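Close look at the chain arrangement
Okay, here's what each chain looks like letter by letter:
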Amino acid sequence: MNKKALAILMRARMRPTDPTKLVFSPLSNDVSQMLPNSRPNIEHHEDENEKLNKQRSFEIVRESMYSAISMNKTQVLDTVLNDFSEGYFSLSFENRTKLLLTLAKDYDLNRTQVRELIKQYLGIQLPNGGVEDEAFLSTFYRIERNLRHSLKPVYEILFERLNTHPGGLKFLTILRADILSILTEENIPSLRALDSYLKEKLSTWLSPAALELHQITWDDPASLLEKIVAYEAVHPISNLIDLKRRLGVGRRCFGYFHSAIPGEPLIFIEVALLKNVAQTIQEVLWDHPPIPESEATCALFYSISSTQPGLAGINLGKFLIKRVITLVKRDMPHISVFATLSPIPGFMQWLLSKLASQSKLAQAEDVSDSSTDGFGLTFYENLLEPEEEKALIDSSGDLAAGKNGMEIMLNLLTPTTHEWANSAKLLSALRPPLLRLCARYLLQEKKRGKALDSVANFHLQNGAMVQRINWMADRSEKGLCQSAGIMVNYVYRPENIEEYAQSYFSTGHIHCSYVVQRYLSSTDMSSTC
């Protein structure tokens, strides 16, 4: 093993264990047994001290935040920003929440001033003749300038100063990650406004012009390769051999880097150079040795991972994919197809929920008889075609019982043991309905006019089309849980990327191949693809 491989392995082994599982010294147990009556008083005293220390720490960090915003002495500003960021990391999550709420509310814009300026602006009388000279317009310009300034919240000063401070951009991404975490628990309008403003700033500072595209190889520092292993979010890297394969012949890995966060990609994409568009992840990761790169005609994007939770909602992946396509076309002109092999993370959640709700509506022996006014039929939908239902009933055997095909399907797919995946008979019976329902999920199930599936929405808004749905493409535990093992190929046609992205953005129209269209009825096809 070379030094680089050893460094990665040693770092992985030396990562700290879960602090909740630490074994305490036997001496502490002996002392607690010797002094059983004194322990409650000691614990109460320690709790009080801990609360006081936490409050004191919070006050110190709040003061450093105030100084970082209000101070004008540039010679000591770096020290103040260091104190603030270090102090922030020392706070508990509860105190971080308090601090961020203080920032959002106490350092917001001055709405009284904004209202006064708007009042002044609306109070200016336009000249009767409609002729506006420079002297008259200067009043408008002055109020407009003041209004623009007053519409900037005070906390913008903190963001701007941190952005130019060493380590400040990384700190801002951590700050936003905390904000997003708080907002998942409670929707606080002032904090939502803070997040929106910070997201807008980060989007500007992380524009493609400010980012460097770098091909990651086995020759890169061990510290960088370790981050690739840690941040890989789609298909975990199992060992060093797996990592070396993904960076070796017939494979590429590209990352976007920013000079303010050295040695750490903001986002990276893994590419396989193949003869044809792969239908299973197994053939990409394990099954076949790489072909000579000169024989490749397809660049397959099989994993894209963002490394910073605080950059959620900032679509760096769109620019990364376009840059990689341009680079591969330039360096390997024989490659003409650019596709993905993508997971469908929301399919099973949607399907099981749909099956459960429809099974409840169908619990009566005869739905039509159970609702003489037809009210039940309004919401009831049999998700299965007659021949699909018959095949499921005939194939289920002892693995799943049910009054109808949907109930059987629900009982087959719900257990995490995935026994159905080991039965050739069940696989044959499940394939037609699952592929058809997956096509419906990808093409028709929408949220605010856009694809319900997050990965589908990502690629479609970037200008891709749905090319093919692949059966049993990912047999891993994760793949079976997320999408019953189904994966999808999206294709990027360079000449159509902008057109497809625009039509999806403006109307929600999803471009797909005829192969995918065939899974839908003729009525559905005309309204979707």
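A brief report on the enclosed structure follows.

Reading guide: rules and limits
- Residues numbered from 1 in each chain as written.
- Predicted model: local features only at pLDDT ≥ 70, side-chain atom pairs only at ≥ 80, totals over all residues.
- Heavy atoms only, no water.
- Helix = DSSP H or I, 4+ residues; strand = E, 2+ residues; numbered from the N terminus.
- Buried < 20%, exposed > 50% of the residue type's maximum accessible area, 1.4 Å probe, protein only.
- Contact = heavy atoms within 4.5 Å.
- Areas by Shrake-Rupley, 256 points an atom, 1.4 Å probe, with all protein chains shown as cover.
- Arc of directions from axis to C-beta.
- Pairing = 2+ DSSP bridges.
- Axes fitted to C-alpha atoms, helices over the stretch in contact; angles between N-to-C directions.
- Salt bridge = Lys/Arg side-chain N within 4 Å of Asp/Glu carboxyl O.
- Phe/Tyr/Trp six-rings, centres within 6.5 Å; stacked < 30°, edge-to-face > 60°.
- Lys NZ or Arg CZ within 6 Å of the ring centre and 35° of its normal.
- Core = buried A, V, L, I, M, F, W, Y, C linked by side-chain atoms within 4.5 Å.
- Parallel < 35°, antiparallel > 145°, perpendicular 65-115°, else oblique.
- Nonpolar A, V, L, I, M, F, W, Y, C, P; charged D, E, K, R; others polar.
- Polar contact = N/O pair within 3.5 Å; in protein donor to acceptor, adjacent residues only side chain to side chain.

Remarks on the overall build of the chain
Each helix and strand in the chain was counted, giving 25 helices and 9 strands. Evaluated residue by residue, the chain yields a buried proportion of 44% over its 529 residues. Intrachain contacts of the chain at a sequence separation of at least 6 include 72% that bridge at least 24 residues. Accessible area of the chain: about 28500 Å², with a carbon and sulfur share of 54%.

Description of the environment of Phe301
Looking at the secondary structure, you find Phe301 in strand 4 (residues 298–306). Taking the relative accessible area as the measure of exposure, Phe301 reaches 4% and is therefore buried. When sequence neighbours within four positions are dropped, the list of residues in contact with Phe301 reads Ile269, Glu270, Val271, Ile321, Val324, Ile325, Phe338, Ala339, Thr340 and Leu341.

Observations concerning helix 23 (residues 497–507)
Those residues of helix 23 that fall on the buried side of the exposure criterion are Ile497, Tyr500, Ala501, Ser503 and Tyr504. Taken down its axis, helix 23 places every buried residue within 165° of arc, on the same side. Exposed residues lying more than 90 degrees from the buried face of helix 23 are Glu498, Phe505 and Thr507. Buried positions along helix 23 lie against helix 14 (316–331), strand 7 (450–451), helix 21 (454–461), strand 8 (465–470) and strand 9 (487–492).

Structural notes on the side chain of Ser64
Turning to its location among the elements, Ser64 is positioned in helix 3 (residues 39–70). Sequence-distant contacts of Ser64, that is, excluding residues within four places in its chain, are made with Val80, Asp83 and Phe84.

Looking at the sheet that holds strand 8
What the 7 strands build is an open sheet, ordered 1-2-3-4-5-9-8; its pairing is mixed. Each end of this open sheet is capped by a strand with a single partner; those strands are strand 1 (212–215) and strand 8. The mean angle between the axes of side-by-side strands here comes to 30°, regardless of whether they run parallel or antiparallel. Its contacts with the sheet put helix 21 on strand 4, strand 5 (337–340), strand 8 and strand 9, and the angle it makes with strand 9 is roughly 10°.

Some details on the pattern of salt bridges
With the rule as written, the count across this model stands at 18 salt bridges. Residue Arg330 pairs with Asp331 through a salt bridge whose shortest N-O separation is 3.0 Å. In this structure Arg330 comes out as exposed when scored by relative accessible area, which is 61%. Under the relative-accessibility criterion, Asp331 is labelled partly exposed at 45%.

Quick notes on the packing of aromatic side chains
Scanning the model with the defined rule gives 11 aromatic pairs in all. Where Tyr121 meets Phe140, the ring centres are 5.2 Å apart and the plane angle is 80°; that geometry is what we call edge-to-face. Of this pair, Tyr121 sits in helix 6 (residues 111–123) while Phe140 sits in helix 7 (residues 134–150), placing them 19 residues apart in sequence. Judged by its relative accessible area of 9%, Phe140 falls in the buried class. Members of the aromatic cluster, joined through ring pairs, are Phe84, Tyr88, Phe89 and Phe171. Just above the ring of Phe58 sits the side chain of Lys98; from NZ or CZ to the centre is 4.3 Å. The ring of Tyr504 carries Lys450 above its face, with NZ or CZ at 5.8 Å from the centroid.

Side note on the nonpolar core
Core analysis: the largest hydrophobic core is formed by 112 residues, its most contacted members being Phe159, Leu191, Phe347, Trp420 and Leu434. No other element matches helix 20 (residues 424–443), which puts 12 residues into this core. Every residue in contact with Trp420, bar those within four places of it in the chain, is listed here: Leu412, Leu413, Leu426, Leu427, Leu430, Trp471, Met472, Leu480 and Ala484. Counting residues in each nonpolar core, the second largest holds 16 residues, with Ile281, Leu300, Tyr302 and Met487 among its members.

Regarding the packing of helix 5 (residues 93–106) against helix 9 (residues 168–185)
It is at 11 Å that the axes of helix 5 and helix 9 come closest, and there the two elements cross at 95°. Between helix 5 and helix 9, the interaxial angle falls into the category roughly perpendicular. In this structure, helix 5 uses Phe93, Arg96, Thr97 and Leu100 to contact helix 9, whose residues at the interface are Leu175, Asp178, Ile179, Ser181 and Ile182. A per-class count over the contact of helix 5 with helix 9 returns 5 nonpolar, 2 polar and 2 charged.

Some details on the packing of helix 15 (residues 347–361) against helix 20
Running from N to C, helix 15 and helix 20 cross one another at 105°; their axes reach a closest spacing of 11 Å. Taken together, helix 15 and helix 20 sit at an angle that is classed as roughly perpendicular. Residues Phe347, Trp350, Leu351 and Lys354 of helix 15 form the contact with helix 20, whose participating residues are Leu434, Leu437, Cys438, Arg440 and Tyr441.

Some remarks on the environment of Thr173
The residue Thr173 is located in helix 9 in this model. Between the C-alpha atoms of Thr173 and Gly310, which are 137 residues apart in sequence, the distance is 4.4 Å. If near-sequence neighbours (up to four positions away) are discounted, Thr173 is found in contact with Gln308, Gly310 and Leu311. Polar contacts involving the side chain of Thr173 include one to the main-chain carbonyl oxygen of Lys170, which spans 2.6 Å.

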